[in-house]
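Report on the structure
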Amino acid sequence: MRTHVTPDLPEAPRRPTARTLHGVTVHDDYAWLRADNWRDVMRDPALLPADIRTYLEAENSYSAHYFAAYGELKERLITEMRGRIKEDDANVPSPDGAFAYYSRHRTGGQHPLICRKALPDGAEEILLDGDREAEGKAYFRLAPARHSRDHARLAYAADEAGSELFTLRVRDLATGADLPFSIADTTGDLLWGGDGETLYYIRRDEEHRPSMVFRHRIGTPPESDELIYQEPDKGFFVSLGETQSGTFGLIACGDHETSEVHLLDLADPSATPRLVAARTVGLRYDVEHHPDLGGADTLILLTNADGAEDFKLVTAPTAAPQKENWRDLVPHRAGRMILSHTAYRHFLVRLEREDGLPRITLRALASGEEHAIAFAEEAYGLGLNGGYEFDPKSLRFTYSSMTTPAEEWDYDMTARTRVLLKRQEVPSGHDPAAYVTRRLFATAADGEQVPISLLYRADTPLDGSAPCLLYGYGAYGMSMPASFSTTRLSLVDRGFVYAIAHVRGGTEKGWHWYTDGKLAKKTNTFTDFIAAAEHLVQARLTRPEKIVAQGGSAGGMLMGAIANMRPDLFAGIVAEVPFVDVLATMLDDTLPLTPPEWPEWGNPITDPDAFRTILGYSPVDNVTAQAYPALFALAGLTDPRVTYWEPAKWIARLRAANTGTAPILLKTNMEAGHGGAAGRFDRLEEVALVYIFALKTAGVIA
């Protein structure tokens, strides 16, 4: 008979270090968890130093023991979440000339199949089988594949470690065979030239920064690829895009407050990048193109120039796109934030947000007349699918709410009629009428109104007895959409109120909502979240001993901050790949994300005020002797965005300081990075663990 042995509570050895800067000494007992060879570990996790591996595996064993008693519940959760996924689901095909392209999954498949059909009614061709490519690999994730304009080739890239280092390959679609070359260390961004023989891609440098754009000519060795752009600023990242017209490729450079774009003439296989407008700190712009707007070849730019805090649209001659030639097309209006724009032959389409809700607005380019596509629910999410064509009859968009599964529509831009193409199927069944979605507002410490999106079953008692999962993010201007999720139904069906706090740091209420939650104002993000939790209690939707907070990445920093500030307000906290060692990371300019992050958090190396501000809230540095709520942190060993040692150091410090008895857990995925498991079903195991933690912590299960 085997005896089940409870693992010892992990205790990371203390190896004290200290650093003095700006007259302040910061102590760190766990700096040793940062492997000196972290760059090598990103490529090969087996190279992790033995002492660090021993500690992380001890934490994993301890977490596994905590969840071991709930194996049956975990399998039940996975089964029901998987039962809501249409296993053989397919995207609506998107036309491009003689073909329509789409992706789908096979029943039981983890990864997408890239497919096409000849129009009007040709048979399916499987261009790339993600499941087959993933065979035998512990981790596998495809970047978006791109077909050449002549439909003869498919460029694709895959990450096989979770480190976001993608290997690029090109497939001959006539034979189904890959061409005899591959290119490592790319970002996965791909762009074809108009001749179908020229391919552009981005390589990461030694510091993992996407900084170099190369041109590859099919049939030549990668060693001879031409470097056509290299970003000199360590704080800027580079990405590739394309105008809807197909005329220009876009080399976009930027950080969190400044951008710069260079045009590539895709008809010229030897094109030199051409600058649109020189970078100016604080100036942001995105570029679209129309070859005949009012009789002239024109760029249409989305920008915050001239004090347009919530952005405006301007035009400029393609031949002279400098800022002095910009002219307003859609003027700035405070409170209406323009999120994106797409220029078609006859219409200019923009996605915008006002009063916390998104909408789609169309502008007839000939007349200037505008109209919006209307929606009725209190809270919802919208997305635009630009497609491949410049002159489509219809605009394709997606819609969902927290109760309504995702719907894909074609909207006739001239007739103003819409056709439903697809509604997300929930094979195990879903009745939207059985659920309620609402929008509440909490009053923040300074009087601002913080939106909260809610989802709960219609029969949930609203007397304070319901458990609640409160989710938050609040960084980089990213808004959290009130869209549909099949997985969260597993909590809601067990009596949870699911809430999203749209805290400052996002852009739910305009650009000021972002700027009021960054740099010296970062603590607004934390106090907004606390205000949201308090409001849910005051509204008798839940009680503090039943609230579980959740956030990931920069939202994980939010989790760390509220754990230090108000441990009494939460029964439990889930922090996924949490950015919690903020000061140490912002002081380490050798890390891939540090210089680009300074506009978001401040540069504590050169700025004493930024140093003190970050030191004042950095979760690791503000752990103190107090009773913490239950905590569950998840990390990825090969994560280049939030390195594994941040949550490891945080948990070690929490466990050493905690005066309470609630569990403190760390689970590191030793074979994945920032996004966790890549397979669509493998990911469900991680979600199930989070939900078990929430159910137990909120007292739903013993």
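Let me sum up the structure you'll find in this document. Since we're looking at a predicted model, the values are computed, not measured. Sequence order as written defines the numbering, with residues in each chain counted from 1. In keeping with the predicted nature of the model, local features appear solely for residues at pLDDT of at least 70, side-chain atom pairs appear and are counted solely at 80 or more, and the whole-chain, interface and lining totals rest on all residues. Think of the side-chain values as coming from all heavy atoms in the structure, minus any hydrogens and water.

A few words on the overall build of the protein chain. A run of H or I in DSSP becomes a helix once it reaches four residues, and a run of E becomes a strand once it reaches two; helices and strands are each numbered from the N terminus. A count of helices and strands for the protein chain gives 13 helices and 38 strands. Put simply, the radius of gyration uses C-alpha atoms, and a globule should come to 2.2 Å times the residue count raised to 0.38. Since a compact globule built from 702 residues should have a radius of gyration of about 27 Å, the 25 Å found for the protein chain is in line with a globular shape. Its C-alpha atoms put the protein chain at 70 × 60 × 55 Å along the principal axes. Across the 702 residues in the protein chain, those meeting the buried criterion constitute 57%. With residues, only the protein chains shown are counted as cover, and all accessible areas are computed by Shrake-Rupley using a 1.4 Å probe. A total of about 27200 Å² of accessible surface is found on the protein chain, and carbon and sulfur atoms cover 50% of it. In summary, the charge assignment counts Lys and Arg as positive and Asp and Glu as negative, without counting His or the chain termini. All charge positions are set by atom: Lys at NZ, Arg at CZ, Asp at CG, Glu at CD. Between the mean site of the 73 positive side-chain charges and the mean site of the 98 negative ones, the protein chain shows a separation of 3 Å. With a 1.4 Å probe rolled over the protein chains alone, any residue whose accessible area is under 20% of its type maximum counts as buried; one over 50% counts as exposed, and the rest are partly exposed.

In this structure, Ile183 sits in strand 11 (residues 183-192). With relative accessibility at 0%, the residue Ile183 sits in the buried group. Counting along the chain gives 164 residues from Ile183 to Arg19, while the straight-line C-alpha distance between them is 41 Å. Excluding residues that lie within four positions of it along the chain, Ile183 makes contacts with Phe166, Thr167, Leu168, Tyr201, Arg203, His216, Pro222 and Asp225. Contacts are assigned to residue pairs that have any heavy atoms within 4.5 Å of one another.

In this section: the side chain of Ser245. Tracing the backbone through its elements, the reader meets Ser245 in the loop between strand 15 (237-242) and strand 16 (248-254). Nitrogen and oxygen atoms within 3.5 Å of one another constitute a polar contact, given that in protein one can donate a hydrogen and the other can accept it, and given that sequence-neighbouring residues count only through two side-chain atoms. A polar atom in the side chain of Ser245 sits 2.9 Å from the side chain of Thr243. Looking at Ser245, its side chain comes within polar contact range of the side chain of Thr247, at 3.2 Å. If we skip the residues at most four places from it in the chain, Ser245 touches His289, Pro291 and Phe390.

Take helix 2 (residues 50-68) next. In this model helix 2 runs 26 Å from its N-terminal to its C-terminal C-alpha over 19 residues, within 8% of the 27 Å that 1.5 Å per residue would give. Taken residue by residue, helix 2 has Ile52, Tyr55, Leu56, Glu59, Asn60, Tyr62, Ser63, Tyr66 and Phe67 as its buried positions. Viewed end-on, helix 2 has its buried residues packed into an arc of 160°, placing them on one side of the element. Among the exposed residues of helix 2, those pointing more than 90 degrees away from its buried face are Ala50 and Thr54. Next to the buried residues of helix 2 lie helix 3 (71-83), strand 37 (630-636), helix 12 (645-657), strand 38 (664-669) and helix 13 (682-697). Expected helix span is given by 1.5 Å per residue-to-residue step, counting one fewer step than there are residues. This arc describes the spread of directions from the helix axis toward the C-beta atoms.

A pair is scored as a salt bridge if a Lys or Arg side-chain nitrogen falls within 4 Å of a carboxyl oxygen belonging to Asp or Glu. This structure, assessed with the given rule, holds 56 salt bridges. Arg655 is the salt-bridge partner of Glu59, the closest N and O atoms lying 2.5 Å from each other. Separated by 596 residues along the polypeptide, Glu59 in helix 2 and Arg655 in helix 12 bring together distant segments of the chain. Take Glu59 and Arg655: they sit in the same class, and that class is buried. Across the pair Lys521 and Asp516 runs a salt bridge, and its minimum N-O distance is 3.2 Å.

Nonpolar cores are built from buried Ala, Val, Leu, Ile, Met, Phe, Trp, Tyr and Cys residues. Side-chain atoms within 4.5 Å join them into one set. Core analysis: the largest hydrophobic core is formed by 125 residues, its most contacted members being Leu56, Phe529 and Trp650. Among the elements that take part in this core, helix 13 stands out by supplying 10 residues, more than any other. With sequence-adjacent residues up to four places away left out, Trp650 is seen in contact with Gly560, Ala575, Pro578, Val580, Pro619, Val620, Val623, Leu631 and Ala633. With 17 residues, the next largest nonpolar core counts Leu362, Leu382, Leu395 and Trp409 among its residues.

Right, let's talk about the sheet that holds strand 28 (residues 394-400) for a bit. A pair of strands is considered paired only if DSSP assigns at least 2 bridges between the two. If you trace the 4 strands from one edge of the open sheet to the other, you get 27-28-29-30, paired in antiparallel fashion. At either margin of the open sheet sits one strand with a lone partner, and together these are strand 27 (381-385) and strand 30 (417-423). Strand-to-strand twist across the sheet, computed as the mean angle between neighbouring axes with direction ignored, equals 30°. Sheet analysis places strand 29 (residues 407-412) next to strand 30, joined by 6 bridges and oriented antiparallel. Considered in strand 30, the bridge of Glu408 is made with Lys422. What counts as an axis is a line fitted to C-alpha atoms, over the stretch in contact for a helix, and the angles between N-to-C directions run from 0 to 180 degrees.

We now examine the packing of aromatic side chains. Classification of ring pairs uses Phe, Tyr and Trp, with its six-membered ring standing for Trp, and accepts pairs whose centres are within 6.5 Å; under 30 degrees between planes counts as stacked, over 60 as edge-to-face, and the remaining range as tilted. Counting across every chain of the model gives 20 aromatic pairs. With centroids separated by 6.5 Å and ring planes inclined at 50°, the aromatic side chains of Tyr66 and Phe693 adopt a geometry described as tilted. Taken together, the residues span a long stretch of sequence, with Tyr66 in helix 2 and Phe693 in helix 13 at a distance of 627 residues. Residue Phe693 is classed as buried on the basis of its relative accessible area of 0%. In textbook terms, an aromatic cluster arises when at least three aromatic residues are bridged by ring pairs, as seen for Tyr66, Phe67, Phe632 and Phe693. Over the aromatic face of Phe99 sits the side chain of Arg116, whose NZ or CZ is 4.1 Å from the ring centroid. A ring has a charge above it when a Lys NZ or an Arg CZ is no more than 6 Å from the ring centre and no more than 35 degrees off the ring normal. The ring of Phe214 has Arg203 sitting right over it, with the charged end atom 5.1 Å from the ring centre.

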